[in-house]
Amino acid sequence: MTLQGGNINNMAKSNLSKKAYSEIKKLILQNVIKPGQFITEMEMQERLCIGRTPIRDAFRELERDQLVIIHARKGVEVVNISPKKIREIFEIRMMIEPEILYTNMEKLDRKWLMEKREFFSMSVDKDSKNLKEIIIESAVADDMFHKRITDLCENSYIDRLVNSVFDYLAMIRVITSHNIDRLNASNKEHVKIIDCVLNEEREEAKEKLYNHIKTSLDETLLDLIKSEY
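Keep in mind it's a predicted model, so treat the numbers as computed, not measured.

Engineer: Quick rundown of a negative patch on the surface? Include the residues and the values.
Structural biologist: Taken together, the side chains of Glu-201, Glu-203, Glu-204 and Glu-207 make up a negatively charged region of the molecular surface. Of note, Glu-203 is situated in helix H9 (residues 202-227).

So this is what it looks like as structure tokens:
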């Protein structure tokens with residue numbers, strides 16, 4: 001009976017730690033807690049109504065995800081978005097995504113590809129009343145498309161790395177200005193990649209995906225510079 005009670009307590013603590021992690025991560029990705037900002041255990045305890053140990057566990061997990069830096073006796077710092085970090089992230093993507101697509105292209109579901117092609121074929125109107133929702137929807141579709149590619153290799157280490165990368169990209173999207181012309185161009189690039197996959201043009205698909213990520217890097221750095229002025 002004691003063992004069962006202990007297991008229940010451990011499960012409850014684990015669930016609280018996961019909840020604290022999820023809630024703090026959401027605050028970071030939505031820019032409620034901003035890059036470079038310091039937060040404390042006590043602050044998060046009061047804000048989330050969760051005890052000290054789950055908050056501490058959440059901070060450790062967020063540090064492993066490279067979203068925060070834990071400073072002894074000073075608090076927890078949300079990572080800053082820097083051109084160097086952005087470049088490193090996109091370089092990782094340029095190394096792994098095209099190669100994964102090249103090696104595993106036939107695993108992509110054709111029906112899913114056609115659905116994504118239809119979505120990316122739509123042009124975004126900068127004067128649309130629902131522009132904010134469209135931008136968010138496009139960002140989600142973009143992430144899903146690239147995540148589906150990396151999932152093809154079925155490697156847990158790459159999966160964790162990619163999740164960390166896309167978390168950081170979510171932070172970038174919130175604080176940088178959004179270029180509608182670039183969004184439309186990016187959508188067209190996705191269509192061309194999908195067409196290559198559907199036509200079983202392996203080399204072309206790999207090359208177009210690499211160039212797409214490289215262009216996204218250049219545009220993201222430009223957006224970051226503009227957002228600072």
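Past the structure itself, the notes keep going.
Engineer: Can you explain the pattern of salt bridges? Please cite residues and give values.
Structural biologist: Tallying each qualifying case throughout the model produces 16 salt bridges. Between Arg-93 and Glu-97 there is a salt bridge, with the nearest N and O atoms lying 2.7 Å from each other. Of this pair, Arg-93 and Glu-97 both sit in helix H4 (residues 83-104), separated by four residues, roughly a single helical turn. The pair Arg-93 / Glu-97 is uniform in exposure class, with both members buried. Of the charged contacts in the structure, one is a salt bridge between Glu-99 and Lys-206, with a shortest N-O distance of 3.0 Å. With Glu-99 in helix H4 and Lys-206 in helix H9, this pair connects stretches of sequence that are 107 residues apart. Judged by its relative accessible area of 36%, Glu-99 is partly exposed.

Engineer: Now, about the sheet that holds strand S1 (residues 38-39): what can you tell me, with residues and values included?
Structural biologist: Reading across from one edge, S1-S3-S2 is the order of the three strands in this open sheet, with antiparallel pairing throughout. Single-partner strands in this sheet number two, and they are S1 and strand S2 (68-71). Pairing between S1 and strand S3 (residues 75-78): two bridges, direction antiparallel. Looking across to S3, one finds that Phe-38 is bridged to Glu-77. Relative to S2, helix H3 (residues 52-64) is tilted by about 125°, and along the sheet it contacts S1, S2 and S3.

Criteria and cut-off values
Residues numbered from 1 in each chain as written. Predicted model: local features only at pLDDT ≥ 70, side-chain atom pairs only at ≥ 80, totals over all residues. Heavy atoms only, no water. Patch = residues over 30% accessible without salt bridge, like charges linked within 9 Å, V, L, I, M, F, W, Y side chains within 5 Å. Areas by Shrake-Rupley, 256 points an atom, 1.4 Å probe, with all protein chains shown as cover. Salt bridge = Lys/Arg side-chain N within 4 Å of Asp/Glu carboxyl O. Lys, Arg positive; Asp, Glu negative; His and termini not counted. Charge placed at Lys NZ, Arg CZ, Asp CG, Glu CD. Helix = DSSP H or I, 4+ residues; strand = E, 2+ residues; numbered from the N terminus. Buried < 20%, exposed > 50% of the residue type's maximum accessible area, 1.4 Å probe, protein only. Pairing = 2+ DSSP bridges. Contact = heavy atoms within 4.5 Å. Axes fitted to C-alpha atoms, helices over the stretch in contact; angles between N-to-C directions.

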